[in-house]
Amino acid sequence: GRPSAVTNFAAFPGSGRVSLVWGASEDDTGVNHYRVYFGTSEDALTETLETDDNSTSWYVPNLENGTEYYFKVLAVDSDGNEGDDISAVHARPDISYDAMFPAASGVMGETGPAFLWLLLPSFGAAGFLRRRK
């Protein structure tokens with residue numbers, strides 16, 4: 001069978017790039033990696049890239065600031081089957097995001113994922129604030 005659709009798909013713009021996060025797909029033979037489709041129209045996602053592994057975060061570099069981009073992420077299983085489709089998310093890269101969040105601007109390497117650690121403190125703080133009430 002085909003992998004399930006990703007869940008909780010979100011896009012976070014930065015200067016010249018968009019970081020993507022999603023919930024893992026499930027598959028009977030295992031998810032090998034993910035394929036990212038993107039473009040400037042939801043109906044014409046003409047560019048693709050593939051993640052190195054089955055990590056559930058990635059980023060798309062070399063995007064034009066101020067341009068709206070649309071993204072879809074589909075799982076690819078070990079048999080080469082592409083997963084179920086979901087609606088695209090969109091984001092507009094802008095240099096001002098890096099000015100607002102300077103610590104995030106250098107987090108990503110040239111090959112991809114690993115920015116979720118930026119979000120974890122906010123989840124921890126939310127839990128702490130809830131407990132203090």
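None of the values given here were measured: they were computed from a predicted structure.

The rules behind each value
Residues numbered from 1 in each chain as written. Predicted model: local features only at pLDDT ≥ 70, side-chain atom pairs only at ≥ 80, totals over all residues. Heavy atoms only, no water. Pairing = 2+ DSSP bridges. Helix = DSSP H or I, 4+ residues; strand = E, 2+ residues; numbered from the N terminus. Phe/Tyr/Trp six-rings, centres within 6.5 Å; stacked < 30°, edge-to-face > 60°. Lys NZ or Arg CZ within 6 Å of the ring centre and 35° of its normal. pLDDT = per-residue confidence, 0-100. Contact = heavy atoms within 4.5 Å.

A.B. asks: Where do I start with the pairing of strand 1 (residues 7–14) in this structure?
C.D. replies: Consecutive residues of a regular strand have side chains that alternate between opposite faces of the sheet. Looking at chain direction, strand 1 and strand 2 (residues 17–23) are connected through six bridges and run antiparallel. Residue pairing for strand 2: Ala 11 is matched across the bridge by Leu 20. In this structure, the hairpin formed by strand 1 and strand 2 is closed by a connection of two residues, where Gly 16 is found at a positive phi of approximately 75 degrees.

A.B. asks: Whenever I open this one, the packing of aromatic side chains confuses me. Can you help?
C.D. replies: For any two aromatic rings, the description comes down to two numbers: the centre-to-centre distance and the angle of the planes. All told, the structure shown has four aromatic pairs when counted by the stated rule. Considering the side-chain rings of Phe 38 and Phe 71, the 6.1 Å spacing of their centres and the 25 degrees angle between planes classify their relative orientation as stacked. Remark: Phe 71 occurs in strand 6 (residues 69–77) and Phe 38 occurs in strand 3 (residues 31–39); sequence separation between them is 33 residues. Here the aromatic residues Phe 9, Trp 22 and Tyr 34 are joined through ring pairs into a cluster of three or more. In this structure, Arg 17 is placed above the aromatic ring of Tyr 59, and the distance from its NZ or CZ to the ring centre is 5.8 Å.

A.B. asks: So what exactly am I meant to see when it comes to the confidence of the model for the chain here?
C.D. replies: Where the model shows low pLDDT, its predicted coordinates should not be examined in detail. Summing up the model confidence of the chain, the mean pLDDT is 80 and the portion of residues at 70 or higher is 71%. Mean pLDDT values for the elements of the chain range from 43 in helix 3 (residues 120–132) up to 97 in strand 3. pLDDT under 50 marks residues 101–133. Its contacts with residues more than four places away, or in other chains, come to 31 contacts.

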